[in-house]
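Listed below are the residues making up each chain.
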Amino acid sequence: MTITDKNKVRAVLFDMDGVLFDSMPNHVKAWRGAVAEHGLSMTREEVYMNEGRTGAGTIHTLAQRCWGRNATEEEIEAIYQTKCALFNTCPEALPMPGASEVLRKVLDRELLPVLVTGSGQRSLLDRLNQAYPHVFRPELMVTAFDVRQGKPYPKPYLKGLAKAGALLHKDGSPLLPEEAVVVENAPLGIQAGKAAGIYTIAVNTGPLADQVLTDAGADRVYPSMQALAENLPL
Ligand code: CA
């Protein structure tokens with residue numbers, strides 16, 4: 001698929017972890033350490049395959065594989081608490097190389113950057129503003145607090161279209177899917193972008209094969225945010 005009419009595009013919807021911040025290595029360390037403490041195992045690839053899923057959903061998947069049953073509420077709570085505690089001991093993730101160049105080009109082309117993340121970290125806004133000053137407006141951020149059904153469901157990206165439309169359209173109607181582009185790194189995020197009907201660019205910043213991202217529905221795959229900055233198809 002190509003972008004049918006790039007002159008129609010008004011907004012670029014950015015995922016955060018693995019796209020704007022190089023935070024996935026911290027998630028890998030925290031997930032693998034936490035599940036090992038509770039008698040489960042998880043490969044690095046599995047962390048990337050589950051990226052975007054809720055903590056409980058991820059833990060059920062592992063429990064099914066390792067124990068042949070779902071995890072109990074208590075197990076989920078204990079494992080997820082350990083995961084968060086380990087994550088908080090990790091060094092703060094750095095901005096993803098190439099991301100500020102992508103954002104600069106998006107702004108130069110008078111496109112609206114919108115954040116669409118499943119993360120609910122309270123410090124999110126501060127970190128974004130520090131790393132990318134004056135890029136993301138608070139009214140153009142979709143976080144864990146905005147939607148109940150996260151990725152791979154289309155809701156987060158549909159909410160992104162709604163927030164961009166509220167700002168750009170006089171009548172406040174949502175942007176149409178063809179008026180936006182999604183930038184994602186994870187299979188479940190790509191599925192969410194495609195389920196919302198939006199052209200979805202994948203940047204392969206992790207260990208998965210490009211084919212995994214293509215199979216998830218990505219319209220184009222770039223090896224890095226630098227590569228996307230150099231070849232932005234907008
Ligand atoms: Ca991501």
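In this report, the structure presented in the accompanying data block is examined. (Residues numbered from 1 in each chain as written. Predicted model: local features only at pLDDT ≥ 70, side-chain atom pairs only at ≥ 80, totals over all residues. Heavy atoms only, no water.)

**A look at the coordination of the calcium ion**
- Listed as protein donors to the calcium ion are Asp15 (OD), Asp17 (O), Glu51 (OE) and Asn185 (OD1); their distances from the metal cover 2.1 to 2.3 Å.
- The sequence pattern describing where the donors of the calcium ion fall on their chain is D-x1-D-x33-E-x133-N. Residue Glu51 is located in the loop between helix 2 (44-49) and helix 3 (55-67), and its partner Asn185 is located in the loop between strand 4 (180-184) and helix 8 (187-195); the two are separated by 134 residues in the primary sequence. Of the two residues examined, Glu51 and Asn185, each falls in the buried class. (Donors = N, O, S within 2.8 Å, 3.2 Å for Na, K, Ca; no water. Helix = DSSP H or I, 4+ residues; strand = E, 2+ residues; numbered from the N terminus. Buried < 20%, exposed > 50% of the residue type's maximum accessible area, 1.4 Å probe, protein only.)

**Concerning the side chain of Asn26**
- Locating Asn26 in the fold gives a position in helix 1 (residues 24-37).
- Not counting chain neighbours up to four residues away, the residues in contact with Asn26 comprise Phe87, Cys90, Pro91, Glu92 and Ala93. (Contact = heavy atoms within 4.5 Å.)

**Topic: the sheet that holds strand 1 (residues 11-14)**
- Strand order in this open sheet of 6 strands is 3-2-1-4-5-6, and the pairing throughout is parallel. Strands at the two margins of the open sheet, each flanked by one partner only, are strand 3 (141-142) and strand 6 (220-222).
- For strand 5 (residues 199-203) and strand 6, the ladder comprises 3 bridges, and the chain directions are parallel. The residue bridging Ala202 from the neighbouring strand is Val221, located in strand 6.
- Contacts between helix 8 and the sheet are confined to strand 4 and strand 5, with strand 5 contributing the most and set at about 165° to the helix. (Pairing = 2+ DSSP bridges. Axes fitted to C-alpha atoms, helices over the stretch in contact; angles between N-to-C directions.)

**Let's talk about the packing of helix 1 against helix 4 (residues 73-89)**
- It is at 8 Å that the axes of helix 1 and helix 4 come closest, and there the two elements cross at 140°. With respect to each other, helix 1 and helix 4 are oriented oblique. The two elements helix 1 and helix 4 cross, and the hand of that crossing is right-handed. Contacts between helix 1 and helix 4 involve Asn26, His27, Ala30, Trp31, Gly33, Ala34, Val35 and Glu37 on the former and, on the latter, Ile79, Tyr80, Thr82, Lys83, Leu86 and Phe87.
- In terms of residue class, the contact of helix 1 with helix 4 is built from 8 nonpolar, 4 polar and 2 charged. (Parallel < 35°, antiparallel > 145°, perpendicular 65-115°, else oblique. Left-handed = near helix turned anticlockwise from the far one by under 90°. Nonpolar A, V, L, I, M, F, W, Y, C, P; charged D, E, K, R; others polar.)

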